[in-house]
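Chain by chain, the residues:
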Amino acid sequence: MKEFTKEVLDMAKAKDPGETEFHQAVEEVADSIALVYERHPEYRTAKVFERIMEPERVIMFRVPWMDDQGEIHINRGFRIEMNSAIGPYKGGLRFHPSVNLGILKFLAFEQVFKNSLTSLPMGGGKGGSDFDPKGKSDNEVMRFCQSFMSELFRHIGHNTDVPAGDIGVGGREIGFLFGFYKKLKNEFTGVLTGKGLNWGGSLIRPEATGYGAVYIAAEMLATRGETFEGKTCLVSGSGNVAQYTTEKLLDLGGKVVTLSDSNGHIYDPEGISREKLEFVLELKNVKRGRIKEYVEKYRSATYTPMDPGADFNPLWDHKAQCAFPSATQNEINKKDAQNLLNNGVYCVSEGANMPTSNDGVKLFIEKGILYAPGKAANAGGVAVSGLEMTQNSMRLPWTRQEVDDRLRMIMKNIHKTCVETAERFNTPGNYVNGANIGGFLKVANAMLDQGLV
Ligand code: NDP
């Protein structure tokens, strides 16, 4: 570990000892920023990285709501307004029982660099609640969203802070949140992204994160003169990102053989066809069922339940060339990373945020595989959210083709920034340094321009 990394990590641990995911994110980025500081000590003197580590504002609030049986529940709501140097705070809302301040701080911190990489004018933020939408009725989800928004509305706005979806927050939740914001403020503005198409949403927004993760992987493969044609791919998760990653891989000739949820994973050696993917979309987005139902319908597949005591995830232990972790943080540990390499995987594109532990990342980099970290690979989602904001401001929707072309161009540019920046800092092929430094410089320069605020 570099001396600078140790210094800031010790500081983060002393201030907030329990925030392990935040420490992990800081450590990963600090190692890259140390390379910048060697050449540009002026950033170090100005303590720019230390300033980025500290949220500009943290909002934490009570969210009381009543279930269908009349029982009262109390959840905790959060919004981390991390950095607004290059634009309004922007980042998703996560509803999941594991949500806490440390997880949201890591996500908000990552978001600052990611949003900068898109080249759109967006600062970084993240929020959510420890509410679990799983197993709740639509009415219960609506009452929760209304209670959540009854506090959040004071802090957000289309020029201030523009939340979107993340784990547990999809089209249904964004609808309930937007409806209540509009009622409270009596105004129709683009205060949230991921909206429905009839009320200000952008075409391609639901698809954007998954498509983007595949577009950047295609760029990486192209550096070796390869395409997805005939390649076997492992995808984890079965939510928004996993679904559209699978769809785009099918478009480009790849074969997807796995999907998962928090209970286990399916392995279909025949590949997930378009028809099978349609079944998954219906199962997950409409019926809100579990991925194991896939094997009841398709006999070619097997289901392996998650073993909470195991020290590895069997999803990453299948033969393949490409992997798209698209579920959650730390779903690939060092052993999983080694299993991926042993099974022939040499292209990893992270649809999820920080899905690989830091020792797993080190292994990928040591072995010189094509590895795009989440802040580059999954930036397509927030990029199209940025395009949704533009369309809302113009009050003019773009066609599917226009948005997809822009998304593809943004992902191509992110790839280029990563490659060129990594080379400039003498670590060619290291997309982690490329993404961290590329994202950092724009924010750091804006912060220096704007003085000590
Ligand atoms: P969804 O809620 O649509 O899907 C999440 C999927 O991951 C589900 O299959 C879920 O299973 C699984 N999952 C969630 N938590 C765990 C866990 N602790 N262990 C195992 N599986 C888990 O979320 P998204 O697809 O939107 O998000 C997936 C990842 O992508 C997250 O890391 C998110 O931050 C990241 N991301 C999302 C963006 C977006 O635009 N939506 C943008 C950029 C990044 P189950 O149903 O059992 O909970």
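Residues numbered from 1 in each chain as written. Predicted model: local features only at pLDDT ≥ 70, side-chain atom pairs only at ≥ 80, totals over all residues.

Focus on the site of the ligand
- As a matter of local geometry, the ligand sits amid 22 residues, with Gly-239, Asp-261, Ser-262, Ala-352 and Gly-381 nearest to it.
- Residues belonging to the shell around the ligand are distributed by class as follows: four nonpolar, 16 polar and two charged.
- Two domains each put at least three residues into the shell around the ligand: domain 2 (55–188) and domain 3 (208–377). (Near = placed C-beta within 6 Å. Nonpolar A, V, L, I, M, F, W, Y, C, P; charged D, E, K, R; others polar. Domains from an automatic or database assignment.)

Some thoughts on the environment of Asp-161
- Assignment of secondary structure puts Asp-161 in strand β5 (residues 161–164).
- Sequence separation between Asp-161 and Ile-414 is 253 residues; the distance between their C-alpha atoms is 24 Å.
- For Asp-161, the contacting residues outside a window of four places in its chain are Glu-81, Pro-88, Tyr-89, Gly-125, His-155 and Ile-156. (Helix = DSSP H or I, 4+ residues; strand = E, 2+ residues; numbered from the N terminus. Contact = placed C-beta atoms within 7 Å.)

Quick look at helix α12 (residues 334–342)
- For α12, every residue scored as buried is listed here: Asp-336, Ala-337 and Leu-340. Take α12 and look down its axis: the buried residues cluster within an arc of 100 degrees, on one side only.
- Looking at the buried residues of α12, the elements they touch are β11 (322–324) and α13 (358–366).
- Of the residues trailing α12, Gly-344 is marked for its positive phi of about 100 degrees. (Buried ≥ 20, exposed ≤ 12 C-beta atoms within 10 Å, placed from the backbone. Arc of directions from axis to C-beta.)

Side note on the nonpolar core
- Counting residues in hydrophobic clusters, the biggest one holds 105 residues, and the most contacted among them are Ile-216, Ala-217 and Ala-376.
- Ranked by the residues each element gives to this core, the list is headed by helix α8 (residues 205–222), at ten residues. (Core = buried A, V, L, I, M, F, W, Y, C linked by C-beta atoms within 7 Å.)

Examining the domain arrangement of the protein
- Taken as a whole, the protein is organised into domain 1 (1–54), domain 2 (55–188) and domain 3 (208–377).
- Centre-to-centre, using C-alpha coordinates, domain 2 lies 27 Å away from domain 3.
- If you look at the interface, domain 2 gives eight residues, while domain 3 gives seven residues.
- Of the residues that constitute the side of domain 2 that touches domain 3, the class distribution is five nonpolar, one polar and two charged.

Concerning the sheet that holds strand β12 (residues 347–349)
- Taken in spatial order, the five strands line up as β7-β6-β11-β12-β13 in an open sheet, and their pairing is parallel. Looking at which strands have only one partner, the edges of the open sheet turn out to be β7 (255–256) and β13 (370–372).
- Sheet topology places strand β6 (residues 232–235) next to β11; three bridges connect them, and they run parallel. Residue pairing for β11: Val-235 is matched across the bridge by Phe-324. (Pairing = 2+ DSSP bridges.)

A closer look at unusual backbone geometry
- Of note in this structure, Arg-395 is not a glycine but carries a positive phi near 50 degrees.
- Tracing the backbone shows Arg-395 in the loop between α15 (379–394) and α16 (400–424).
- Even without being glycine, Asn-426 reaches a positive phi, approximately 60 degrees.
- Mapped onto the elements of the fold, Asn-426 is located in the loop between α16 and α17 (431–449).

Quick word on the packing of α12 against α13
- Running from N to C, α12 and α13 cross one another at 25 degrees; their axes reach a closest spacing of 7 Å. Here α13 runs roughly parallel to α12, going by the angle between their axes. Of α13, the residues touching α12 (which contributes Lys-334, Asp-336, Ala-337 and Gln-338) are Asp-359, Gly-360, Leu-363 and Phe-364.
- Split by residue class, the contact of α12 with α13 holds three nonpolar, two polar and three charged. (Axes fitted to C-alpha atoms, helices over the stretch in contact; angles between N-to-C directions. Parallel < 35°, antiparallel > 145°, perpendicular 65-115°, else oblique.)

Side note on the sheet that holds strand β3 (residues 89–95)
- The strand order β1-β2-β4-β3-β5 describes an open sheet built from five strands, whose pairing is mixed. Either end of the sheet is taken by a strand with one partner, and the two such strands are β1 (57–66) and β5. Neighbour to neighbour, the strand axes of the sheet diverge by 20 degrees on average, direction disregarded.
- Here strand β2 (residues 72–83) runs beside strand β4 (residues 124–129); their pairing, made up of six bridges, is antiparallel. Bridged to Ile-80 within β4 is Lys-126.
- Running over the sheet, helix α6 (residues 138–152) touches β1, β2 and β4 and is turned about 145 degrees from β1.

A few points about the environment of Asn-139
- Inspection of the secondary structure puts Asn-139 in helix α6.
- Residues Asn-139 and Pro-163, 24 residues apart in the sequence, show an inter-C-alpha distance of 22 Å.

With respect to the packing of α8 against α16
- It is at 9 Å that the axes of α8 and α16 come closest, and there the two elements cross at 50 degrees. In terms of axis orientation, α8 runs oblique to α16. As α8 packs across α16, the resulting crossing turns out to be right-handed. Contacts from Ala-208, Tyr-211, Gly-212, Tyr-215, Ile-216, Glu-219 and Met-220 in α8 reach Leu-407, Arg-408, Met-411, Lys-412, Ile-414 and His-415 in α16.
- A breakdown of the residues in the contact of α8 with α16 according to their chemical character gives eight nonpolar, two polar and three charged. (Left-handed = near helix turned anticlockwise from the far one by under 90°.)

Examining the environment of Pro-88
- Residue placement: Pro-88 occurs in the loop between β2 and β3.
- Counting along the chain gives 67 residues from Pro-88 to His-155, while the straight-line C-alpha distance between them is 12 Å.
- Other than its neighbours up to four places away in sequence, Pro-88 contacts Met-122, Gly-123, Asn-159, Thr-160, Asp-161 and Val-162.

Observations regarding α13
- For α13, the full list of buried residues reads Gly-360, Val-361, Leu-363 and Phe-364. Along the long axis of α13, the arc covered by the buried residues comes to 160 degrees, so they all point the same way. In α13, those exposed residues whose orientation departs by more than 90 degrees from the buried face are Asp-359 and Glu-366.
- The elements touched by buried residues of α13 are α2 (20–39), α12, β12, β13 and α17.
- Count one or two residues on from α13 and you reach Gly-368, which has phi positive near 65 degrees.

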